[in-house]
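Below, each chain spelled out in residue letters.
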Amino acid sequence: MTHPFGEWVETGHQDVGPLFYNDGPLTPDKRVLKLRTLADAAATQDSACARMLAMSREGLVSDQFRKQLWPLLLDAPETPLRETPMADLPPHREEGQVLLDCNRSFVYFPPNLDDQSREIYQKQLYDLIVTVLRRNPVLAYYQGFHDVAQIFLLVFGPTDAIPIFEYVALYFLRDFMMPEMEASLLHMELVAAIIQAVDPDLAQIVPSDILNIAISSMLTIFSHDLHAYNDICILFDFVFAYRTMAIPPYIYAAILLLRKDKFFNSQDIDSSEVISVLNNVLKTFPETDSAIFEVTSYAETLFQNYPPQSLKLWEKLSQYSVLKTTAAPNTQEIVLEDNKDLDHDTDDDNDNGDGDGDGEIGNRRWTQNSFFPLVGNRETTSENQVNGGESPASAGGSQHSDATSMFDGTPRIPSVIDSFSAESLHDLPLPLAHPIYSLEEVEEIARQQVAEDLALKAERDRIAKERREKMRAKKSAAAAAGGAGSSSSSGSGAGGAGSMPWRKPHHRIPIWTETTTLVARLFANRPRTIINPRTVATMLVPRTVLSASLYGGVFSLLLAWYIHKHPQALPRSFDTLREYWRYIWSTLVARYF
Amino acid sequence: MSASTPRSSVSSRFAQFKLVLLGESAVGKSSIVERFAKNVFDDYRESTIGAAFLTQTIQLDSNTTVKFEIWDTAGQERYKSLAPMYYRNANCAVVVFDVTQAASLTRAKAWVKELQRQANENIVIALAGNKLDIVLGDESKRQVTTEEAQAYAKEAGLLFFETSAKTGQNVTELFTAIAKKLPIESVLASRGGASGAVGSNSANARRGIDLKGPSTGATGCQC
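Thresholds applied
- Residues numbered from 1 in each chain as written.
- Chains lettered and ligands numbered in written order.
- Predicted model: local features only at pLDDT ≥ 70, side-chain atom pairs only at ≥ 80, totals over all residues.
- Heavy atoms only, no water.
- Helix = DSSP H or I, 4+ residues; strand = E, 2+ residues; numbered from the N terminus.
- Buried < 20%, exposed > 50% of the residue type's maximum accessible area, 1.4 Å probe, protein only.
- Contact = heavy atoms within 4.5 Å.
- Areas by Shrake-Rupley, 256 points an atom, 1.4 Å probe, with all protein chains shown as cover.
- Patch = residues over 30% accessible without salt bridge, like charges linked within 9 Å, V, L, I, M, F, W, Y side chains within 5 Å.
- Salt bridge = Lys/Arg side-chain N within 4 Å of Asp/Glu carboxyl O.
- Axes fitted to C-alpha atoms, helices over the stretch in contact; angles between N-to-C directions.
- Parallel < 35°, antiparallel > 145°, perpendicular 65-115°, else oblique.
- Nonpolar A, V, L, I, M, F, W, Y, C, P; charged D, E, K, R; others polar.
- Core = buried A, V, L, I, M, F, W, Y, C linked by side-chain atoms within 4.5 Å.
- UniProt positions renumbered as here; feature names shortened; annotations may be inferred.
- Expected span 1.5 Å × (residues − 1).
- Polar contact = N/O pair within 3.5 Å; in protein donor to acceptor, adjacent residues only side chain to side chain.

A short note on the overall build of chain B
Argument step 1. Counting its regular elements, chain B contains 9 helices and 6 strands.
Argument step 2. Across the 223 residues in chain B, those meeting the buried criterion constitute 61%.
Argument step 3. Taking the intrachain contacts of chain B between residues at least 6 apart in sequence as the baseline, contacts between residues at least 24 apart amount to 73%.
Argument step 4. For chain B, the accessible surface area stands at approximately 8700 Å², while carbon and sulfur atoms represent 49% of it.

Regarding a nonpolar patch on the surface
Residues and elements named next belong to chain A.
Argument step 1. A grouping of F574, L577 and Y580 is seen on the molecular surface, where their side chains present a nonpolar patch of about 280 Å² in accessible area.
Argument step 2. Relative to the elements of secondary structure, Y580 occurs in helix α27 (residues 575-592).
Argument step 3. For Y580, a relative accessible area of 45% translates into the label partly exposed.

Quick look at the packing of helix α8 (residues 145-171) of chain A against helix α12 (residues 229-242) of chain A
Residues and elements named next belong to chain A.
Argument step 1. Packing of α8 against α12 leaves a shortest axis separation of 11 Å and a crossing angle of 95°. Here α12 runs roughly perpendicular to α8, going by the angle between their axes. When α8 is examined against α12, the residues V148, I151, F152, L154 and V155 are found in contact with a partner set consisting of Y229, I232, C233, F236 and F240.
Argument step 2. For the contact of α8 with α12, a count of residues per class yields 10 nonpolar, no polar and no charged.

Some details on the nonpolar core
Argument step 1. Core analysis: the biggest nonpolar cluster contains 168 residues, and W70, F145, F152, L173, Y252 and F263 of chain A together with L127 of chain B have the highest contact counts within it.
Argument step 2. Top element by residues in this core is α8 of chain A. It accounts for 18 residues.
Argument step 3. Setting aside residues up to four positions removed in sequence, W70 of chain A forms contacts with L60, F65, I151, F152, V155, F156, C233, F236, D237 and F240 of chain A.
Argument step 4. With 34 residues, the next largest nonpolar core counts F68, V96, A128 and V187 of chain B among its residues.

Considerations on the UniProt feature "domain: Rab-GAP TBC" (unreviewed entry) in chain A
Argument step 1. Mapped onto this numbering, the UniProt entry annotates "domain: Rab-GAP TBC" (unreviewed entry) at residues 60-243 of chain A.
Argument step 2. As annotated, residues 60-243 of chain A has a helix share of 59% and a strand share of 0%, and its two end C-alpha atoms lie 15 Å apart.

Description of the pattern of salt bridges
Residues and elements named next belong to chain A.
Argument step 1. A complete count under the given rule lists 30 salt bridges over all chains for this structure.
Argument step 2. R104 is the salt-bridge partner of D101, the closest N and O atoms lying 3.1 Å from each other. When sorted by exposure, D101 lands in the same class as R104, which is buried.
Argument step 3. Each of R82, R135, E166 and E443 takes part in one network of salt bridges that share partners.

Description of the side chain of R66 of chain A
Argument step 1. Among the secondary structure elements, R66 of chain A is positioned in helix α5 (residues 63-73).
Argument step 2. Other than its neighbours up to four places away in sequence, R66 of chain A contacts E58, L60, V61, P71, V155, F156, N230, C233, I234 and D237 of chain A.

Here's the deal with helix α7 (residues 115-135) of chain A
Residue and element names in this part refer to chain A.
Argument step 1. Relative to the 30 Å expected for 21 residues at 1.5 Å per residue, α7 spans 30 Å between its end C-alpha atoms, a close match to the ideal helical length.
Argument step 2. For α7, the set of buried residues is R118, Q122, L125, Y126, L128, I129, V130, T131, V132, L133, R134 and R135.
Argument step 3. Where α7 is buried, its residues contact α6 (95-102) and α8.
Argument step 4. N-cap assignment for α7: the residue whose side-chain oxygen lies 3.0 Å from the backbone N of Q116 is D114.

The structure is reproduced here in structure tokens:
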């Protein structure tokens, strides 16, 4: 077979590949070349090449290639997980909600949809979702699932979408399909943790509770918030190339971090303003044609410099979360094992169909399938990328130097990518191995996760209830203490707080340590009659500073009085001191009291 | 926008309130907000996921401006556990039901109960029976009578309106009635000036940002 670009390869252009496709916008001739390469990757099922292309500018370009390459990127099994038709299965408990959402789907795309075709699409969408749900009763339906389903339906068509979407639901969207929201909330926490790690200043302005607004983006891998079908697909390409659900939080963080100046514009920004800005940032994303690529490559930088495993949060994450089950729990360990495995494969030149070294670690199989080609254009994204990007590359690169055959041992059409894959292996960052679970294992994980989710929710409710009761008790105690007591939060105020019951007192009592405040409170705010000497005593005695000065003062006065009465009590050498005490007594005490 | 309202001027008053929309799925919460904020209605409207945020300002009278920060929540039952996040510190709530769906009123009642139990004590709650246009066209489609909803609202101490996001009927009236019931005077008084804002947001408290500053109103609507 001849290849139209075969000659071009022979000219020895070694460093084509990511750089080639990332440099600037995709020009028509580059696009033609990319489409050819995509066709090659699809024909040969070359996952490494597919990954590189998916992460480069404009992703997999067209639905034709997405249909062929997404299953490859996602390591979807070749045979469907299940094949029982929808009609043979008992109904799922949430089909009513599915119908409500399907009736409101296909709002923004495909373009120029007439009512009749929209109805057809909606019916297909309903069937797709209900089939997946009926086959997996352990999964719950969530609003947003239909947004992801829409994309799969459009890419794969009504029949082909079912097996791949079922796989995606069970293996990738599982966290969101729990009966409660606990597992979903972890994804927003991850966004917060990334921002905290990368830019604590921004984390101050956008605290984690505000980041809950990211929920629609996380739950739908951005398909709910972006309205252009192609933009969504390009983001899906990128996420699937990374093959981990840990990457969407990095994308979200990247969007915010790249536009962080918007948050710092105002000096005293309040929370509703932050939410507005946050809202706006996402609504206007992507602002330009290249914004998506800018964001994905920055997300990649973040992922490499602050990998999820390096974040404090990681330890706390549930082992059942897709954040962990779609990525290795500990990259370092697994990579070492895999590298050995890889060398072994290379020596034997004994590649299987996928050309990957599937190793055995403990009871878990790991695939070597997902490693991340370095996307070019690095220097344009961030300066600290150089540091972070290089170390993993140098760690893994030396061992990969002659691992040409790891891509695919089977003979195939030569493509420009061959030169890339052979040469730029040096640059490849560490592979992120992931476990391959069988259907039974995943179902077991899902069941465990459901139990965990319910338990966590119960715990959260319990805590919330306790807090409410405590608040209520405090409130009634405050009411019993009388109206005067409630003015504690007003400080110097003119009693305004009392008229705003929803406004909780932000500061209470610590001001007591301040003597002036204490005195002011005792003599100004409260009527004299209610000053109980005992209360005053209990307030004063434990305060070391106050009591020390009080005791000191009393002691000095006593001493001064004593010296005044008994001038001979101190020896001569204490003359000065004696004079001092006498002075105190005669001028201060005797004169004024 | 009213954003440039001079804050020291005694003749203009500006107050900001947090409003949350609750109710069963597909009763028209987002459509009501859309009608209120942009005065438009889409026949095709996607479901809300999590919650959507937007702001809208209304002129109560010649010198009083009220800005609503609106949290439009998702209706699906599973998102219920996120609701406290949105109604916490809310000054007012609109609980929406669909006059053509009897079950949606039951759900609305549950929301009202939860709000009265767990939200701010002084929260102003309005009950909105949406999709009035459908029953005006065909009375047989009505499943919740005006009297029934009215009686419930009275008993629970709620404002009540039958609305149509599609035609716009009663939507502005709904929000205006809420604004009138809000304690604008005490908010302004507590700020010690002609203008003020309510924002007892924990996030602010934590960051120690002074809400008394002129920032609150100076931002305007970013949506």
